[in-house]
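# Overview (structure and organization)
What follows is each chain in one-letter form.
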Amino acid sequence: MKILVVNAGSSSLKYQLIDMQNEKVLAKGGCERIGIDGSFLKAKGNGEEKIYQKELPNHKVAIELVLHALQDEGVGVIKSMDEIGAVGHRVVASGEFFKKTTLVTPDVLKTLEETFELAPLHNPAAATGVKACMEVMPKTPMALVFDTSFHATMPEKAYLYGIDYDDYKKYGVRKYGAHGTSHKFVSAEAAKYLGKKPEQLKIVTCHLGNGSSITAVDGGKCVDTSMGFTPLAGVLMGTRSGDIDASAVEFLARKKGLSHSEAITYLNKKCGVAGISGVSSDFRDLEAGFERGDERCALALEMFSYQTKKFVGAYAAAMGGLDCIVFTAGIGENTPIVREGVCAGLEFLGVEFDKEANKKKNDGSIRELSAKGSKVKVLIIPTNEELVIARETAELL
Ligand code: ADP
């Protein structure tokens, strides 16, 4: 079966067509600037790339164009739309409304609307993407695959905040986590690579990208994660502050004359390593700054590594042991200085880090960064969220 994976944003729609027989990506691409002037689709297939400059007033027109590209000369990889067995849609937040991958029905779409306030930038866009696909492919089954599902196994003690329990029940304010498909994929790949069953392993997965989250995976299940009610929590990120005392937020808002929502926008967009360095949210720029002796770039890198390390230590304690640390996503796969900073000083946990192996350039393969004989294995595992979405969709069917 061929599965179309769709990741719809407010003005974008990314896709991959995956053949589940061999899990190969047949085609991929994305529409950008949907509803804005200058919209286009960049499509890849058969080793070719084609840009379609076309007005895309909404997601329905965008998905129609994607389906056209999938059957077009050159980049096309299918003869008819009927070859697409199902569509898997990425959805950022599920709240407590969905615990697992769910087949789309009219009732499910209604429930999905209840999640909008949990991820106002992402979930309404995902719903728009689902509706657009349903209009264009009315007979094709659709699945919602949630970034949060992998975290549904967290125990209450891990996901609750220290607030009035009745308020948690009434409003659903608790930790939900993020990047679940990535944490699920790399922890399963780690077990495969180590030749062990997931049940035998205690793993800390570090998904370090523009958004970063760290997860404790005990016996193949998530038992804790660093992101919270929203993806603002945990370590400081590109532009997000990460964890901060709630009173400091009120204090800052008062001093800067910001409303509640402006204060949250400030914490999401103006803080993190961009705020600390005053240079950039991009770790390539921070590394360059560090090389030329910029102290605040060095500080931003140090804070990021230190905060990530603290989650590794905390989760080793939470699980009562540690067998493996996994690095993944843009920074996890490409930024040696961060990986070294995270692993430095963890010898007491049984981590023996191979600095030379760490320096090698990313070649897209799984790489081992722990020295021979290290009790704790340290791995780089390239993430593949689309494949997880396709697998979950296929399993559901
Ligand atoms: P997201 O998916 O959350 O937008 P990514 O996982 O793509 O983020 O990570 C993006 C970050 O990874 C960039 O901001 C950059 O700081 C860092 N990075 C460092 N080196 C590279 C590289 N060679 N390629 C891509 N990203 C890199």
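Here is a short report on the structure shown in this document. For clarity, every value in this text was computed on a predicted model and none was experimentally measured.

Another point: the state of the cysteines. If you walk through the whole model with that rule in mind, you get zero disulfides. Here C222 stays unpaired: no disulfide links it, and the sulfur of C206, its closest cysteine neighbor, is 13 Å away. Not engaged in a disulfide, the cysteine C343 finds its nearest cysteine sulfur in C206; these two sulfurs lie 7.8 Å apart. Owing to a relative accessible area of 1%, C343 belongs among the buried residues under this scheme.

We now examine the site of the ligand. The environment of the ligand is formed by G209, N210, G211, D282, F283, R284, A329, G330, I331, N334 and T335. Separating an oxygen atom of the ligand from a backbone N or O atom of F283 is a distance of 2.5 Å. When the ligand sits alone it has 570 Å² of accessible area, and the protein chains cover 65% of it. With four residues, the top contributor of residues to the shell around the ligand is helix α12 (residues 329-334).

Attention shifts here to the packing of aromatic side chains. Under the counting rule described, the total for this entry stands at six aromatic pairs. Taking 4.8 Å as the distance between ring centres and 20 degrees as the angle between the ring planes, the aromatic pair formed by F98 and F146 counts as stacked. Of this pair, F98 sits in the loop between β6 (84-91) and β7 (102-103) while F146 sits in strand β8 (residues 142-146); the two residues are 48 residues apart in sequence, bridging distant segments of the chain. Ring centres of F311 and Y315 lie 5.6 Å apart, and the angle between their planes is 50 degrees; on these two criteria the pair is classed as tilted. Of the two residues, F311 and Y315 both sit in helix α11 (residues 295-319), four residues apart, roughly one turn of that helix. As far as burial versus exposure is concerned, F311 and Y315 are alike and both buried.

What follows covers the pattern of salt bridges. Under the criterion given, the structure shown has 18 salt bridges. A salt bridge links K50 to D72; its shortest N-O distance comes to 3.0 Å. Linking K50 in strand β5 (residues 48-53) with D72 in the loop between α1 (59-71) and β6, this pair joins segments that are 22 residues apart in sequence. By relative accessible area, K50 is classed as partly exposed at 32%. Measuring nitrogen to oxygen at the nearest pair gives 3.0 Å for the salt bridge that ties K192 to E189. With K192 and E189 both in helix α6 (residues 180-194) and three residues apart, this pair spans about one turn of that helix. Salt bridges linked by common partners bring K60, E64 and E135 together as one network.

Moving on to the sheet that holds strand β13 (residues 367-368). The sheet built from six strands is open, its strands ordered β11-β10-β9-β12-β14-β13 with mixed pairing. Only two strands of the sheet have a single partner each, and these edge strands are β11 (221-225) and β13. Across four bridges, the pairing between strand β10 (residues 212-218) and β11 is antiparallel. Opposite V217, over in β11, you have C222 as the bridge partner.

On to helix α2 (residues 106-114). Every buried residue belonging to α2 is among V108, L109 and L112, and all of these are buried. Within α2, the buried residues cover an arc of 100 degrees as seen down the axis, which keeps them to one side. For α2, the exposed residues lying more than 90 degrees away from the buried face are P106, D107 and K110. The inward-facing, buried residues of α2 contact β6, β7, α3 (123-136) and β8.

Our next topic: the sheet that holds strand β1 (residues 2-8). Strands in a sheet are paired, the pairing made by backbone hydrogen bonds, and the direction either parallel or antiparallel. Taken in spatial order, the eight strands line up as β5-β4-β3-β2-β1-β6-β8-β7 in an open sheet, and their pairing is mixed. Across the chains shown, the open sheet's two edge strands, defined by having one partner strand only, are β5 and β7. For β7 and β8, the ladder comprises two bridges, and the chain directions are antiparallel. Along β8, the bridge assignment pairs T102 with L144. Sheet contacts for α3: β1, β6 and β8; angle to β6, the most-contacted strand, approximately 165 degrees.

Turning our attention to the pairing of β8. Of all five residues in β8, five are buried; the element is thus mostly enclosed. Strand direction decides the pairing type here: β6 and β8, joined by five bridges, are parallel. Along β8, the bridge assignment pairs V91 with F146.

All right, on to the pairing of β10 then. For a regular strand, side-chain orientation follows a simple rule: the groups alternate between the two sheet faces. Burial within β10 is extensive, with six of its seven residues counted as buried. Across seven bridges, strand β9 (residues 202-208) lies against β10 in antiparallel orientation. In the sheet register, V204 faces β10, and the bridge partner there is A216. Counting the residues between successive antiparallel strands, the hairpin from β9 to β10 contains three residues. The hairpin formed by β10 and β11 contains two residues between the paired strands, and G219 there has a positive phi angle of roughly 65 degrees.

Conventions adopted
Residues numbered from 1 in each chain as written. Predicted model: local features only at pLDDT ≥ 70, side-chain atom pairs only at ≥ 80, totals over all residues. Heavy atoms only, no water. Disulfide = S-S within 2.5 Å. Buried < 20%, exposed > 50% of the residue type's maximum accessible area, 1.4 Å probe, protein only. Near = heavy atom within 4 Å. Polar contact = N/O pair within 3.5 Å; in protein donor to acceptor, adjacent residues only side chain to side chain. Areas by Shrake-Rupley, 256 points an atom, 1.4 Å probe, with all protein chains shown as cover. Helix = DSSP H or I, 4+ residues; strand = E, 2+ residues; numbered from the N terminus. Phe/Tyr/Trp six-rings, centres within 6.5 Å; stacked < 30°, edge-to-face > 60°. Salt bridge = Lys/Arg side-chain N within 4 Å of Asp/Glu carboxyl O. Pairing = 2+ DSSP bridges. Arc of directions from axis to C-beta. Contact = heavy atoms within 4.5 Å. Axes fitted to C-alpha atoms, helices over the stretch in contact; angles between N-to-C directions.

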